[in-house]
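Here is how the chains run, residue by residue.
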Amino acid sequence: MHELPLVFFTVFTQSAVGAFILLLIGGTLGQIDARRMAIGLFSVMCLFGVGVLLGIIHVGQPLRALNMLLRVGHSPMSNEIVLSAVFATLGGLGSLGLLLNRGATAVCKALVWLAAIVGVAFILAIPQIYQLPTVVTWRTSYTTAMMVLTPLIGGGILAGLFGLRLGLLVSVLAILASFCLRPGYMSTLMSADGALTAAQTSWFTAQAALLAVGIVGVVTWARLKSSVTVLAMTALIVIVAELVGRIAFYNLWTLPM
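Numbers given for residues are sequential positions, taken from 1 along each chain in its written order. For a predicted model such as this one, the threshold for reporting local features is a pLDDT of at least 70, and the threshold for listing and counting side-chain atom pairs is 80 or more; totals across whole chains, interfaces and linings nevertheless cover every residue. Excluding hydrogens and water, the side-chain values take into account all heavy atoms of the structure.

Per an unreviewed UniProt entry, the protein chain is named Dimethyl sulfoxide reductase, and its organism is Citrobacter telavivensis.

Written as structure tokens, this is what we have:
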């Protein structure tokens, strides 16, 4: 699948940004200690970096990506590239500084909060790329809604891995929200291209099933005080679910005849 690098890029980077922001909020609210927050921030920045590297594969000739910078402010894709670079720089430096704890803590905190602001802009920029008038299955408000939910679903479960219970709650609520939106989303897709949408039924069904398992995993871990291994497996299942759903999304690419 030619778009597979984009599948990993979008899900990994969106989830990483979501976790980054939630960890900062959790730290501010005192729901996670500073050390664990720093470890979490740096870890999700590493995931963000992996996502970016995988996304570069899709460019074919990475150096040509520099040409996209000429359209910053006018092209959604150019905006996405710049925002990802700024977020990576601010978030990487800030989280590394907090992790090493070698002084200048105030500066590092300022950097990570600036990164969080840029991260929000990055999250909102990605779905704008797919609002193409020639691709009716993408040009819908549901595209934006589902892509905004990914940072909450994937980011929430990742933040939960580092001890932020708020992240787990956000993830579960976002999954439930995606279930509520799904009937309308499927109806819209069927109206746009019934045959193409029907061909993605197995992908969408698998995503829903995996997300349901994710909810069960979180609830089980919370009630039974299970080991972190259970939570880690649940997080993996949720991230895989988002990857599966994103595969279905890219399979919806079509051009009118």
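What follows continues from the structure just given.
Enquirer: Break down the overall build of the protein chain for me, citing the residues and quoting the values.
Expert: Only DSSP runs of H or I reaching four residues or more are called helices, and only runs of E reaching two or more are called strands; each is numbered from the N terminus. When helices and strands are tallied, the protein chain shows 10 helices and zero strands. For 257 residues, the compact-globule formula gives about 18 Å, and the C-alpha radius of gyration of the protein chain, at 18 Å, lands near that figure. For the C-alpha atoms alone, the extent of the protein chain along its principal axes is close to 60 × 50 × 25 Å. Only protein chains enter the area calculation, which uses a 1.4 Å probe; residues under 20% of their type maximum are buried, those over 50% are exposed, and those in between are partly exposed. By residue count, 46% of the 257 residues in the protein chain fall in the buried class. The globule rule is 2.2 Å times the number of residues to the power 0.38, and the radius of gyration it is compared with is taken over C-alpha atoms.

Enquirer: So what's going on with the UniProt feature "transmembrane region" (unreviewed entry) in the protein chain? Which residues, and what values?
Expert: UniProt positions are given in the numbering used here, feature names are shortened, and annotations may be inferred rather than shown by experiment. When the UniProt feature table is mapped onto this chain, "transmembrane region" (unreviewed entry) is found at residues 6–26, 38–61, 81–99, 111–130, 142–161, 166–185, 205–224 and 231–253. End C-alpha to end C-alpha, residues 81–99 measures 26 Å, and it is 100% helix and 0% strand. Between the C-alpha atoms that bound residues 205–224 there is a distance of 28 Å. The span itself is 100% helix and 0% strand.

Enquirer: Just give me the short version of the environment of Leu 243, but keep the residues and values in it.
Expert: In this fold, Leu 243 is placed in helix 10 (residues 228–251). Sequence spacing of Leu 243 and Phe 8 is 235 residues, and the spatial spacing of their C-alpha atoms is 6.8 Å. Any two residues whose heavy atoms approach within 4.5 Å at even a single point are treated as in contact. With residues near it in sequence (within four places) discarded, Leu 243 still touches Val 7, Phe 8, Val 11 and Phe 12.

Enquirer: I'd like a rundown of the packing of aromatic side chains, residues and numbers included.
Expert: When the centres of two rings from Phe, Tyr and Trp lie within 6.5 Å, Trp using its six-membered ring, the rings pair. Their planes under 30 degrees apart give stacked, over 60 give edge-to-face, and anything left gives tilted. Under the definition given, this model contains 13 aromatic pairs. Between Phe 20 and Phe 87, the aromatic rings sit 5.3 Å apart at their centres with planes inclined by 75°, giving edge-to-face as the arrangement. Taken together, the residues Phe 20 in helix 1 (residues 4–28) and Phe 87 in helix 4 (residues 76–100) connect sequence positions 67 residues apart. A ring pair is formed by Tyr 130 and Tyr 250, whose centres lie 5.7 Å apart and whose planes are at 75°; its orientation type is edge-to-face. Taken together, the positions of Tyr 130 in the loop between helix 5 (105–128) and helix 6 (141–161) and Tyr 250 in helix 10 put the pair 120 residues apart, joining distant regions of the chain.

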